[in-house]
Amino acid sequence: MPTGVPATSAFMPSTSLDLLTGVRNRAELWLYRIGGYLLLNVVDDPAWLALMFC
């Protein structure tokens, strides 16, 4: 039975670099989600477009 083998699981990062990569990926996902929401619901709204160009 091998001992000292690092855990390799998506929910248990083995190094701090893996943890930072996961945080960066999650932050990037949220930025895309927020940007998509703003494009669909704020920029596409005719009232906001009228306010921006008047």
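Look up: the structure comes first, before these words.
Residues numbered from 1 in each chain as written. Predicted model: local features only at pLDDT ≥ 70, side-chain atom pairs only at ≥ 80, totals over all residues. Heavy atoms only, no water.

A short note on the overall build of the protein chain
- From N to C terminus, the protein chain includes 2 helices and 0 strands.
- Looking at the protein chain residue by residue over its 54 residues, the buried ones come to 0%. (Helix = DSSP H or I, 4+ residues; strand = E, 2+ residues; numbered from the N terminus. Buried < 20%, exposed > 50% of the residue type's maximum accessible area, 1.4 Å probe, protein only.)

A few points about a nonpolar patch on the surface
- On the surface, L39, V43, W48, L49, L51, M52 and F53 cluster together to form a nonpolar patch covering roughly 770 Å² of accessible area.
- Among the elements of the structure, α1 (16-43) and α2 (46-53) are those that each provide at least two residues to the nonpolar patch.
- Sort the elements by how many residues they give to the nonpolar patch and α2 lands first, with 5 residues.
- Among the secondary structure elements, W48 is positioned in helix α2. (Patch = residues over 30% accessible without salt bridge, like charges linked within 9 Å, V, L, I, M, F, W, Y side chains within 5 Å. Areas by Shrake-Rupley, 256 points an atom, 1.4 Å probe, with all protein chains shown as cover. Salt bridge = Lys/Arg side-chain N within 4 Å of Asp/Glu carboxyl O.)

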